[in-house]
Amino acid sequence: MDLVLAACAGLVMYGLLRAHEIFQQWQLRSEQAHQKFIAECAKAAVLQRVQPEDVQ
């Protein structure tokens, strides 16, 4: 019986560690996507900026 409980506890711990790892990977990808979005917005803003010689 103790062996079964130990095995179950081991599986639960493995599941929690794996879920934590997956969450960290998702968080990293989310942060990278956010940084890419900000960079693209900044690039678009620079490209859309009106030049002084364009305004007359």
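From a predicted model like this one, the values you see are computed outputs, not experimental measurements. (Residues numbered from 1 in each chain as written. Predicted model: local features only at pLDDT ≥ 70, side-chain atom pairs only at ≥ 80, totals over all residues. Heavy atoms only, no water.)

**Thoughts on the overall build of the protein chain**
Along the backbone of the protein chain there are one helix and zero strands. With the model as given, the accessible surface of the protein chain reaches about 5500 Å², and the carbon-plus-sulfur share is 66%. (Helix = DSSP H or I, 4+ residues; strand = E, 2+ residues; numbered from the N terminus. Areas by Shrake-Rupley, 256 points an atom, 1.4 Å probe, with all protein chains shown as cover.)

**Considerations on a nonpolar patch on the surface**
Together, Val12, Met13 and Leu16 make up an exposed nonpolar region whose accessible area comes to about 300 Å². Within the secondary structure layout, valine 12 lies in helix α1 (residues 2-48). (Patch = residues over 30% accessible without salt bridge, like charges linked within 9 Å, V, L, I, M, F, W, Y side chains within 5 Å. Salt bridge = Lys/Arg side-chain N within 4 Å of Asp/Glu carboxyl O.)

**Focus: the environment of glutamate 21**
With respect to the element layout, glutamate 21 can be found in helix α1. For glutamate 21, the side chain forms a polar contact with the side chain of arginine 18, separated by 2.8 Å. (Polar contact = N/O pair within 3.5 Å; in protein donor to acceptor, adjacent residues only side chain to side chain.)

**Regarding the pattern of salt bridges**
Evaluated as defined, the whole model comprises one salt bridge. Note that arginine 18 and glutamate 21 form a salt bridge whose closest N and O atoms lie 2.8 Å from each other. You can see arginine 18 and its partner glutamate 21 sitting in helix α1, three residues apart, about one turn around the helix.

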